Amino acid sequence: MDQGLKGALALTGPEACLAYYRDWAASYDRGFASEMQYLLPAHVAAAFMGAKGEGPVLDVGAGTGLLAEALRQMGFEDPIDAVDFSVEMLERAAEKRIYAGLFQADITKPLALPRRYGGIVSSGTFTAGHVGPGALPNLLAVAAPQAQFALSINRRVWTSAGFDGALDALAGENRITGLQLIEVEVYGAAAARLDAEHAADRAMIALFRAA
């Protein structure tokens, strides 16, 4: 498990991501997520619900569906679609039967999806070795006017990758409104004995609406 997390955060390039998550998909939930007490999907779901987010929702970097599961457990009933770069992760998500649609796509490129989503959520995608702020315009392009966003961004890359400046720029251009930031823990107490380097990781949840 420990190598799984460290390896994931050290990824560089799309081909490396595809290969890594292909091999990680089968054990992701019962290994990494369970053993590290992965809290981030539930934090993002709670923030989205607290902001009165509505569907249809696009779960970005959906992985095995942990965020959508959390939304359902909190009583969210609107349709949820999943988009992820990894076919194997989407296959695990499909088994849970919580998504209306599943789409394999690279969110660093324009998405071949309609501008219909009333909510855009993401947990764990904006982190080291994964996706940078350049993907944000691609998500705005499929968001309906006034769509509610709830995106987790790991504190390790918040400033270094330029997420702070990118969100400020989008707000300054009036492309997003009502930006709020919530800082949360990524993992529970069990993570300390498994991965001391990352156990105390924190993330910012960026809440905002499309203009």
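Just above, that's the structure.
All of these numbers come straight from a predicted model, not from anything done at the bench.

Caption draft 1: The arrangement of the overall build of the protein in detail. From N to C terminus, the protein includes 9 helices and 7 strands. When the 211 residues of the protein are sorted by exposure, 50% land in the buried category. Contacts in the protein between residues far apart in sequence, at least 24 positions, make up 70% of those at least 6 positions apart. Carbon and sulfur atoms make up 51% of the accessible area of the protein, which totals about 9,300 Å².

Caption draft 2: Geometry of the side chain of Asp-84. Tracing the backbone through its elements, the reader meets Asp-84 in strand 2 (residues 80-84). Salt bridges are absent for the buried Asp-84, whose nearest opposite-charge side chain, Arg-92, sits at 11 Å. In terms of polar contacts, Asp-84 uses its side chain to reach the backbone amide nitrogen of Ala-62, at 3.2 Å. Not counting chain neighbours up to four residues away, the residues in contact with Asp-84 comprise Gly-61, Ala-62, Gly-63, Met-89, Leu-90, Phe-103, Gln-104 and Ala-105.

Caption draft 3: Structural detail: the pairing of strand 5 (residues 143-154). Most of strand 5 is tucked away, with 10 of its 12 residues classed as buried. One ladder, built from 6 bridges, connects strand 4 (residues 117-126) with strand 5; its direction is parallel. Counterpart to Gly-119 in the pairing with strand 5 is Gln-148.

Caption draft 4: Molecular detail of the pattern of salt bridges. Under the criterion given, the structure shown has 7 salt bridges. Notably, a salt bridge pairs Asp-81 with Arg-116, separated by 3.3 Å at the nearest N-O pair. Of this pair, Asp-81 sits in strand 2 while Arg-116 sits in the loop between strand 3 (101-104) and strand 4, placing them 35 residues apart in sequence. Judged by its relative accessible area of 38%, Arg-116 falls in the partly exposed class.

Conventions adopted
Residues numbered from 1 in each chain as written. Predicted model: local features only at pLDDT ≥ 70, side-chain atom pairs only at ≥ 80, totals over all residues. Heavy atoms only, no water. Helix = DSSP H or I, 4+ residues; strand = E, 2+ residues; numbered from the N terminus. Buried < 20%, exposed > 50% of the residue type's maximum accessible area, 1.4 Å probe, protein only. Contact = heavy atoms within 4.5 Å. Areas by Shrake-Rupley, 256 points an atom, 1.4 Å probe, with all protein chains shown as cover. Lys, Arg positive; Asp, Glu negative; His and termini not counted. Salt bridge = Lys/Arg side-chain N within 4 Å of Asp/Glu carboxyl O. Polar contact = N/O pair within 3.5 Å; in protein donor to acceptor, adjacent residues only side chain to side chain. Pairing = 2+ DSSP bridges.

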